Amino acid sequence: MEIIRIKIIFHINRPHLTFDILSILKKYDVYIISMEVYSNIIYLKLPYISEDALKIIEKEWKEVYGFDYMEIVDIMAFEEKDIELKGVLNLLNEGVVMLSTKGVVEYFNNEALDALKGLEVGAEISKFIADSDLAEYIGGNGSIRSFNSFKDKKIDLETGTYLLSINDLYSEERIFCGFLLTLKEAVLGYSFDNYITFEDIIGEDENFIKVTEAAKSFAYMDNPILLKGEVGTGKEMFARAIHAESDRASKPFVGINCATIPEELLESDLFGYESGGIEGVKGGSKRGIFDLTNGGTVFLDEIGEMNIHLQTKLLEVIRDKKLKPIGSDREIDLNVKIIAATSKDLERAIEEKKFRQDLYNRLNVFTLEIPSIRQRPRDFDIIIDHFLKVISNRYDRGNLKLSQEAKEKLKLYSWPGNIRELQSVLERAIVLSKSEEIKEEDIIFDSEAKDGVAKCSDLNSAVSAFERNFILKALRKNPSVRAAAKELNVTHTLLLNRIKKYEIEDEEWK
Ligand SMILES: Nc1ncnc2c1ncn2[C@@H]1O[C@H](COP(=O)(O)OP(=O)(O)OP(=O)(O)O)[C@@H](O)[C@H]1O
């Protein structure tokens, strides 16, 4: 249908002015597709009318008191704003959907359409995102909404994994008028949130306090930080606390372990790719973690495991503060704080030509050496008391204490897995202990727990210890003996006999 848009300007604003203008249209049987009314201007969107007919109508409008002039325009004011708004929203890297108070789609941008295939104005959002929190939020009244609002909830859609956030929309007069929903593409498996601060880091040893103070002062700089320390000393905790302390705290934090992600994946996860940038991947594009975390912090754990090619790319990112996704010529300005960590000797890796000297020089300016448990003896009791309390609360075991012998056993151990191992040893002890006091035999170190054979001197008892442990693991994992037997591929009766033979008590696994 052909249409015509008319702008009418008035030199005064008086009551019934619009009515008088519209009455003339009615007289000539012209219907109105849409209309915008401002104090001195009216926009009319009408079905096409001939020039002659319009002249007749204009002549009558001129008789209306207050009418100044009219003109034909290409676009109405609201449409112009709408186009501008759409333009701006389409520039965003995240999907934006505006919903009515009932959860009906009123507007969305291109990114939202990419995420929610078939999305259309007038449809209920629940048809496209089946998420109970979202449904509850939209269905709730104002008070429930304000408590349940959520940010960056990870959801899986057919098109990928996204971080969903929702906010209420209010008019200038603070009248609730709907919801604003945003969808950020999430790189699978990564969390962008951080809940750790320096308050969560336990330690009073002089050595440790010095490191903590230095870490706090590094938080205020944009330079990269290098964390050195044995496994389980709390390097990731420090990285998170530094982020929380910095002025980037409200931005994302992502931790990546370079040792556990396959090399090719690590590159595309970090840098992202654009159409055809990766061999074997047809079309499409993916934003990398550096891009998604822009403004925030990226924690690269076990940086020593990164291959030389990626080290070069990382060095460029640090030096140029720019990022080029794989297969793209486009450069993205980057403002990301990089915190790298290593439990290995990087200087040795440099000698072995496995780590770039220039990258090391860049990283090794603001360096924190996180002490191992052995290097902070004065913290030992504090850490044990803390985890004893936290874990026994979790298992509802009240005020569990360590026997003197158990304490001695813990003290004599070298703790190669540091605080992480200490936590798991205490957890195991709490689960195993049958009394109010944790006994020496309840203390099983990680290496022993792996197969239960460490203390055995002959083959028969080692095999038995292994078998007992293997059965116990299956029992703990499954809801019943029958289910565990199925997993172990043995009959129910055989498993019952073994449980009896090895004196596996219900308390050990139920
Ligand atoms: N100072 C501390 N206070 C409280 N908890 C701690 C502390 N240090 C470490 N932990 C706990 O120990 C565990 C291991 O910490 P974290 O993952 O930060 O160590 P890491 O050095 O990064 O380990 P890895 O080298 O294996 O990656 C976590 O569960 C953490 O909560």
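This one's a predicted model, so the numbers in the text were calculated from it and none came from an experiment.

Looking at this structure, how should I read the site of the ligand?
Ile-202, Lys-235, Asp-301, Arg-420 and Gln-423 are the nearest of the 17 residues found near the ligand. At a separation of 3.0 Å, an oxygen atom of the ligand approaches a polar backbone atom of Gly-232. Here Thr-233 contributes a backbone N or O atom positioned 3.2 Å from an oxygen atom of the ligand. Against a free-state accessible area of 630 Å², the protein chains account for coverage of 85% of the ligand. Elements represented by at least two residues in the shell around the ligand include exactly α8 (235–245) and α16 (418–432). Residues that form the shell around the ligand fall into these classes: 7 nonpolar, 4 polar and 6 charged. When residues of the shell around the ligand are assigned to domains, at least three map to each of domain 3 (198–369) and domain 4 (373–451).

What exactly am I supposed to notice about the domain arrangement of the chain here?
When the parts of a complex come together, some accessible area is lost, and that lost area is often taken as the interface size. The domain architecture assigned to the chain consists of domain 1 (3–76), domain 2 (92–185), domain 3 (198–369), domain 4 (373–451) and domain 5 (452–510). Summarising the inter-unit geometry, the C-alpha centres of domain 1 and domain 2 are found 38 Å apart.

Explanation requested: helix α15 (residues 404–412) in the structure shown.
Along an α-helix, residues three or four positions apart point the same way, because every turn accommodates 3.6 residues. Here α15 has its buried residues at Ala-406, Lys-409 and Leu-410. Take α15 and look down its axis: the buried residues cluster within an arc of 100°, on one side only. Residues of α15 that are exposed and angled more than 90 degrees away from the buried face: Gln-404 and Leu-412. Those residues of α15 that are buried are in contact with α14 (380–394), β19 (401–402), α16 and β20 (437–438).

So what exactly am I meant to see when it comes to the pattern of salt bridges here?
Two side chains of opposite charge can pair, provided their charged atoms sit close to one another. This structure, assessed with the given rule, holds 21 salt bridges. As a salt-bridge pair, Glu-79 and Lys-45 come within 2.9 Å of each other at their nearest N and O atoms. With Glu-79 in helix α3 (residues 77–91) and Lys-45 in strand β3 (residues 41–47), the pair connects residues that are 34 residues apart, well separated along the chain. Among the ionic pairs, Glu-230 bridges to Arg-374, the shortest N-O distance being 2.4 Å. With Glu-230 in the loop between β10 (225–228) and α8 and Arg-374 in the loop between β18 (367–369) and α14, this pair connects stretches of sequence that are 144 residues apart. On the accessibility criterion, Arg-374 (42% relative accessible area) is partly exposed.

Please clarify how the sheet that holds strand β14 (residues 297–301) should be interpreted in this entry.
Hydrogen bonds between backbone groups are what pair the strands of a sheet, and the pairing can be parallel or antiparallel. Here 5 strands make up an open sheet; going across it, the order is β11-β14-β17-β10-β18 and the pairing parallel. At either end of the open sheet lies a strand with only one pairing partner, and these are β11 (253–257) and β18. When the angles between neighbouring strand axes are averaged without regard to direction, this sheet yields 15°.

Looking at this structure, how should I read the packing of aromatic side chains?
In this description, a pair of aromatic rings is defined by centroid distance and the angle of the planes. Scanning the model with the defined rule gives 12 aromatic pairs in all. A ring pair is formed by Phe-271 and Phe-290, whose centres lie 5.5 Å apart and whose planes are at 70°; its orientation type is edge-to-face. Note that Phe-271 is positioned in helix α9 (residues 263–271) and Phe-290 in helix α10 (residues 289–292), a separation of 19 residues in sequence. Residue Phe-271 shares its accessibility class with Phe-290, and that shared class is buried. With a centroid separation of 5.5 Å and 90° between ring planes, the pair formed by Trp-415 and Phe-445 is classed as edge-to-face.

How should the pairing of β10 be read in this particular structure?
If a strand is regular, its side chains alternate between the two faces of the sheet. Here β10 shows no split at all, with Ile-225 and Leu-227 on one side and Leu-226 and Lys-228 on the other all buried. The sheet contact formed by β10 and strand β17 (residues 337–342) spans 4 bridges and is parallel. In the sheet register, Leu-226 faces β17, and the bridge partner there is Ala-340. As judged from the 3 bridges shared by β10 and β18, these two strands associate in the parallel manner. Residue Leu-227 lies in a different strand from β18, and its bridge partner there is Leu-368.

Cut-offs and rules
- Residues numbered from 1 in each chain as written.
- Predicted model: local features only at pLDDT ≥ 70, side-chain atom pairs only at ≥ 80, totals over all residues.
- Heavy atoms only, no water.
- Near = heavy atom within 4 Å.
- Polar contact = N/O pair within 3.5 Å; in protein donor to acceptor, adjacent residues only side chain to side chain.
- Areas by Shrake-Rupley, 256 points an atom, 1.4 Å probe, with all protein chains shown as cover.
- Helix = DSSP H or I, 4+ residues; strand = E, 2+ residues; numbered from the N terminus.
- Nonpolar A, V, L, I, M, F, W, Y, C, P; charged D, E, K, R; others polar.
- Domains from an automatic or database assignment.
- Buried < 20%, exposed > 50% of the residue type's maximum accessible area, 1.4 Å probe, protein only.
- Arc of directions from axis to C-beta.
- Contact = heavy atoms within 4.5 Å.
- Salt bridge = Lys/Arg side-chain N within 4 Å of Asp/Glu carboxyl O.
- Pairing = 2+ DSSP bridges.
- Axes fitted to C-alpha atoms, helices over the stretch in contact; angles between N-to-C directions.
- Phe/Tyr/Trp six-rings, centres within 6.5 Å; stacked < 30°, edge-to-face > 60°.

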